[in-house]
Amino acid sequence: MREAINRLKREKICVLTGAGISQESGVPTFRGKGGLWEKYDPQIYATMPQSLFTFLHSPQKIAEFALDFYRVLLNSKPNFAHIFIAELERRGLVEGIITQNIDNLHQKAGSKKVCEVHGNAYEFFCVRCRCKEKKKEEDIKEFLERMKNIKNKRFKLINEFIRFMGKCKNCHQRLRPNVVFFGESLPQKEIETALFWLRNTRTLLVIGTSGVVFPVANFPYYAKKAGSFIIEINPEPGFEKIADLVIREKAQKFFERISQEF
Ligand code: NAD
């Protein structure tokens, strides 16, 4: 604990977060108990091109998935871990936050230097010029309400989705969700930013990631090779092989414990 506190106080750190940091905000990890993948097969709902096929043939399935997923997301709030990391950033102690999460909770907590390597569930991007558009929470809620009332009308449901996603303001091409599906490449700009931070940080804080999703699972190894000190915060095993410091605790509890020292 002492070593972790000293490092967090002394030097600019880089933070790598996964689903675990948002677990105490009410967003379950996908693979954990009660997680989304227990109910929905990721092969059908989150893998390209299969999910596009599901969307065109059984949009009702995608509608149910979207309802379940956004209901959780829209009810979640940043927890103390997100808030404390944002506070460290305000104090100039954070080089950057690399997150695999798509829940927008780091930004909601006030963090600015967030690199979302798997996208953001509130954003949509243009398939041609890649410019992004963020939807308001009220608009998403309204869309979900509309979808609930469309039963067994395939084309109406597809049209509703397409209308909601909308068109690019610059080049009028269709928008699509800004979420990286299994089998898709990670966004180039975000990867470059993440690798830059990982190369240059002296301390990497790895929070709530199991290390099974690639290429992000390689990030701690990359930072380690560049000379970084690795601190892992996770109640379950993950990166203990390379971590210099392992804290087997939930993220929120850890930050609550150390917060008195700041
Ligand atoms: P994962 O589900 O594979 O692993 C989650 C990890 O968090 C586990 O190692 C678990 O032990 C740990 N954990 C659970 N509760 C914790 C807590 N309170 N504090 C600290 N650690 C805790 O998650 P992953 O490695 O991020 O990979 C899953 C993929 O699914 C990612 O690509 C991510 O984009 C996506 N995902 C995102 C969200 C979200 O946006 N909140 C939620 C679920 C999954």
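This text follows the structure it describes.
Quick look at the structure, then.

Conventions used here
- Residues numbered from 1 in each chain as written.
- Predicted model: local features only at pLDDT ≥ 70, side-chain atom pairs only at ≥ 80, totals over all residues.
- Heavy atoms only, no water.
- Helix = DSSP H or I, 4+ residues; strand = E, 2+ residues; numbered from the N terminus.
- Expected span 1.5 Å × (residues − 1).
- Buried < 20%, exposed > 50% of the residue type's maximum accessible area, 1.4 Å probe, protein only.
- Arc of directions from axis to C-beta.
- Contact = heavy atoms within 4.5 Å.
- Phe/Tyr/Trp six-rings, centres within 6.5 Å; stacked < 30°, edge-to-face > 60°.
- Near = heavy atom within 4 Å.
- Polar contact = N/O pair within 3.5 Å; in protein donor to acceptor, adjacent residues only side chain to side chain.
- Areas by Shrake-Rupley, 256 points an atom, 1.4 Å probe, with all protein chains shown as cover.

## Details of helix 10 (residues 154-165)
Residues that lie three or four places apart on an α-helix share one face, since the helix turns once every 3.6 residues.
Inference 1: An ideal rise of 1.5 Å per residue puts 16 Å on 12 residues; helix 10 measures up with 17 Å between its terminal C-alpha atoms.
Inference 2: Those residues of helix 10 not exposed but buried are Leu157, Ile158, Glu160, Phe161, Phe164 and Met165. All buried residues of helix 10 project into a common sector of 160° when viewed along the axis, lining one side. Of the residues in helix 10, the exposed ones pointing more than 90 degrees away from the buried face are Phe155 and Arg163.
Inference 3: Buried positions along helix 10 lie against helix 5 (50-57), helix 6 (59-74), strand 4 (119-126), helix 9 (137-148) and strand 6 (175-179).
Inference 4: One or two residues past the end of helix 10 sits Gly166, with phi positive at roughly 75°.

## Notes on helix 13 (residues 251-259)
Inference 1: Within helix 13, the full set of buried residues consists of Ala251, Gln252, Phe254, Phe255, Ile258 and Ser259. Seen end-on, helix 13 carries its buried residues on one side only, within an arc spanning 160°.

## Considering the packing of aromatic side chains
Inference 1: Overall, the coordinates contain 18 aromatic pairs when judged by the stated rule.
Inference 2: Look at Phe30 and Trp37: their rings are 4.8 Å apart centre to centre, the planes differ by 70°, and that puts the pair in the edge-to-face class.
Inference 3: Classification of Trp37 by relative accessible area gives buried; the value is 16%.
Inference 4: Measuring from ring centre to ring centre gives 6.2 Å for Phe65 and Phe69, while their planes differ by 5°; the resulting arrangement is stacked. Note that Phe65 and Phe69 are positioned in helix 6 at a spacing of four residues, about one turn of the helix.

## Some words on the site of the ligand
Inference 1: Close contacts around the ligand come from 25 residues, with Gln100, Asp103, His118, Thr209 and Ser210 the closest.
Inference 2: Between the ligand and Asp103 there is a distance of 2.7 Å, counted from a nitrogen atom to a side-chain nitrogen or oxygen.
Inference 3: Residue His118 places a side-chain N or O atom 2.6 Å away from an oxygen atom belonging to the ligand.
Inference 4: Starting from 850 Å² of accessible surface for the ligand in isolation, the protein chains cover 92%.
Inference 5: Top contributing element to the shell around the ligand by residue count: helix 2 (residues 20-23), with three residues.

In short, geometric facts, not functional conclusions.
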